[in-house]
Amino acid sequence: MALIITDECINCDVCEPECPNGAISQGDEIYVIDPNLCTECVGHFDEPQCVEVCPVDCIPKDPDHVETEEQLLEKFNRIING
Ligand code: SF4
Ligand code: SF4
């Protein structure tokens, strides 16, 4: 499933450059993740890179975007093949 940034985000900008899919951007008030681009880092890394670097631990899984490992890999393939 895609991940989501909660309102505990302190806008530190540490996660945005770490995302291999360009899924993170600055929203109106806090940073946001595009669920169409977030693969939980499947295909690139073993662990979600944004979660690894976030200093306030505010990036849980998004229950509104439940996906299997297989679906995440399909998304990864879609993204890299344009
Ligand atoms: S889990 Fe990976 S792909 Fe998803 S937003 Fe975080 S860094 Fe980007
Ligand atoms: S690393 Fe965490 S606190 Fe910093 S911008 Fe990203 S989500 Fe917000």
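Notes on the structure in this doc start here. (Residues numbered from 1 in each chain as written. Chains lettered and ligands numbered in written order. Predicted model: local features only at pLDDT ≥ 70, side-chain atom pairs only at ≥ 80, totals over all residues. Heavy atoms only, no water.)

Once that is clear, we can look at the site of ligand 2. Close to ligand 2 lie 13 residues, the nearest being Cys9, Cys12, Asp13, Cys15 and Cys54. Split into classes, the residues belonging to the shell around ligand 2 amount to eleven nonpolar, one polar and one charged. (Near = heavy atom within 4 Å. Nonpolar A, V, L, I, M, F, W, Y, C, P; charged D, E, K, R; others polar.)

Where charged atoms from two side chains of opposite charge come close, those side chains can pair. Here the structure, examined in full by the defined rule, presents two salt bridges. We note a salt bridge from Glu40 to Lys61, for which the minimum N-O separation is 3.6 Å. Of this pair, Glu40 sits in the loop between β2 (31-33) and α1 (49-53) while Lys61 sits in the loop between α1 and α2 (69-80), and the two are 21 residues apart along the sequence. Glu40 gets classed as buried once you look at its relative accessible area, which sits at 14%. Assessed through its relative accessible area of 48%, Lys61 is described here as partly exposed. We note a salt bridge from Glu67 to Lys75, for which the minimum N-O separation is 2.9 Å. Given a relative accessible area of 3%, Lys75 falls into the buried group. (Salt bridge = Lys/Arg side-chain N within 4 Å of Asp/Glu carboxyl O. Helix = DSSP H or I, 4+ residues; strand = E, 2+ residues; numbered from the N terminus. Buried < 20%, exposed > 50% of the residue type's maximum accessible area, 1.4 Å probe, protein only.)

In this section: the site of ligand 1. As a matter of local geometry, ligand 1 sits amid Leu3, Cys19, Pro20, Asn21, Ile24, Ile33, Cys38, Thr39, Glu40, Cys41, Pro48 and Cys50. Along the lines of polarity and charge, the residues of the shell around ligand 1 split into nine nonpolar, two polar and one charged.

Counting 15 residues, the largest nonpolar core has Ile5, Ile24, Ile33 and Ile59 as its most contacted members. When residues no more than four places from it in sequence are discounted, the contact partners of Ile24 are Ile5, Cys15, Glu16, Cys19, Tyr31, Val32, Ile33 and Cys50. (Core = buried A, V, L, I, M, F, W, Y, C linked by side-chain atoms within 4.5 Å. Contact = heavy atoms within 4.5 Å.)

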